[in-house]
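Descriptive analysis of the structure
As a plain string of letters, each chain reads:
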Amino acid sequence: DNLQQELLVLRDEARAGVDAHSKQEDRWHLADVEVQSRLRDATAEEDAALQFEASLEEDCRELELASEQYDRELDRLEQEVEKVGTVWAQADRDEKAELTEVRAEGLRSANEAESQLSALSGSLGQELRKHREANAALASQLRKAKRKLAGFEAQEKALQDSWQKERREYAQ
C-alpha cells in the first residue's frame, strides 16, 4: 500500500512537473510569437521611416535643383541688365553727339531714352526681387525638410533602441 501510494504521489508529481513544463513552453511560445510580431511591426515602421527619409531626400534634391535654376536665371537677368545698361549708355552718348547738331531734337530724344531706361530698369529690378524672394522661400523649405529629416532619424534611433532593449529583456 505504501509503495502504491508513493508511486501515485510520484506519478502526480511527475504529471504536475510535465504540466508545469508544458505551461512554461506555452508561455515561451506566446512570448516568442509576441516578439516576432513586434519585430515585424518594428521592421515595418523602420521601412516606412526609410521610405519617408528617401522621399525627403528626393524633395531636398528637387529643392536644391530648383534653387540652382533660380540662381542661374538671376545670373542671366543680371547679365541682361548689364548689357541693356551698356547699350543704353552708348545710346546716350550717341544722342549727346546729336544734341550738339540738333539741340532741340537731341534733348527730346535724350528724355525719351531716359524714361525707357528707367521703366526697363524698374521692371528688371522687380523681376530680380521676385526671384530672390522665391530663392529665400525655397531655402526655408529646404531647412524645414532637413529639420524633419533629423526628427525622423531621431525617432528611428529611439525605435531601434527600444526594440533592442525589449529584445534583451525577452532574451533574459
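As a starting point, this report considers the structure included with it. All figures in this text were calculated on a predicted structure; none of them were measured in a lab. (Residues numbered from 1 in each chain as written. Predicted model: local features only at pLDDT ≥ 70, side-chain atom pairs only at ≥ 80, totals over all residues. Heavy atoms only, no water.)

1. Focus: the overall build of the protein chain
When helices and strands are tallied, the protein chain shows two helices and zero strands. Here the protein chain has a C-alpha radius of gyration of 40 Å; the compact-globule value for 172 residues is 16 Å, and the former is much larger. C-alpha atoms of the protein chain, sized along the principal axes, occupy 150 × 15 × 15 Å. In the protein chain, buried positions account for 14% of the 172 residues. Put simply, 90% of the contacts in the protein chain that link residues at least 6 apart link residues at least 24 apart. Of the accessible surface of the protein chain, which amounts to about 13400 Å², a share of 53% is contributed by carbon and sulfur atoms. The distance from the centre of the 26 positive side-chain charges to the centre of the 41 negative ones in the protein chain is 3 Å. (Helix = DSSP H or I, 4+ residues; strand = E, 2+ residues; numbered from the N terminus. Rg over C-alpha atoms; globule rule 2.2 N^0.38 Å. Buried < 20%, exposed > 50% of the residue type's maximum accessible area, 1.4 Å probe, protein only. Contact = heavy atoms within 4.5 Å. Areas by Shrake-Rupley, 256 points an atom, 1.4 Å probe, with all protein chains shown as cover. Lys, Arg positive; Asp, Glu negative; His and termini not counted. Charge placed at Lys NZ, Arg CZ, Asp CG, Glu CD.)

2. Observations regarding the pattern of salt bridges
Where charged atoms from two side chains of opposite charge come close, those side chains can pair. With the rule as written, the count across this model stands at nine salt bridges. Between Asp-12 and Arg-15 there is a salt bridge, and its shortest N-O distance comes to 3.9 Å. Of this pair, Asp-12 and Arg-15 both sit in helix H1 (residues 2-101), three residues apart, which is roughly one turn of the helix. Take Asp-12: its relative accessible area is 45%, and that puts it in the partly exposed class. Linking Arg-76 and Glu-73 is a salt bridge whose minimum nitrogen-to-oxygen distance equals 2.5 Å. Of the two residues, Arg-76 and Glu-73 both sit in helix H1, three residues apart, roughly one turn of that helix. When salt bridges that share partners are traced, they join Glu-34, Arg-38 and Glu-166 into one network. (Salt bridge = Lys/Arg side-chain N within 4 Å of Asp/Glu carboxyl O.)

3. Re the side chain of Asn-135
Along the polypeptide, Asn-135 turns up in helix H2 (residues 103-171). In contact with Asn-135, other than residues within four places in its own chain, are Ser-67, Tyr-70, Asp-71 and Leu-74.

4. Concerning the side chain of Glu-53
Relative to the elements of secondary structure, Glu-53 occurs in helix H1. Despite its burial, Glu-53 pairs with no opposite charge, the nearest such side chain being Arg-61 at 9.4 Å.

5. Some words on the packing of aromatic side chains
Taken as a whole and assessed by the stated rule, the structure comprises one aromatic pair. Consider the rings of Phe-52 and Phe-152, whose centres lie 4.2 Å apart with planes at 65°: the pair is edge-to-face. Of this pair, Phe-52 sits in helix H1 while Phe-152 sits in helix H2, placing them 100 residues apart in sequence. You can call Phe-152 partly exposed: its relative accessible area is 27%. (Phe/Tyr/Trp six-rings, centres within 6.5 Å; stacked < 30°, edge-to-face > 60°.)

6. Let's talk about the environment of Ser-121
Tracing the backbone through its elements, the reader meets Ser-121 in helix H2. Judged by relative accessible area, Ser-121 falls into the partly exposed class, the value being 45%. On a C-alpha basis, the gap between Ser-121 and His-21 in space is 90 Å, while along the polypeptide they are 100 residues apart.

7. Thoughts on the nonpolar core
In this structure, Cys-60, Leu-63, Leu-138, Leu-142 and Ala-145 together form the largest nonpolar core, which totals five residues. The leading source of residues in this core is H2, at three residues. Excluding its chain neighbours within four sequence positions, the residues that come into contact with Ala-145 are Leu-56 and Cys-60. (Core = buried A, V, L, I, M, F, W, Y, C linked by side-chain atoms within 4.5 Å.)

Everything listed is a geometric property; what it means functionally is a separate question.
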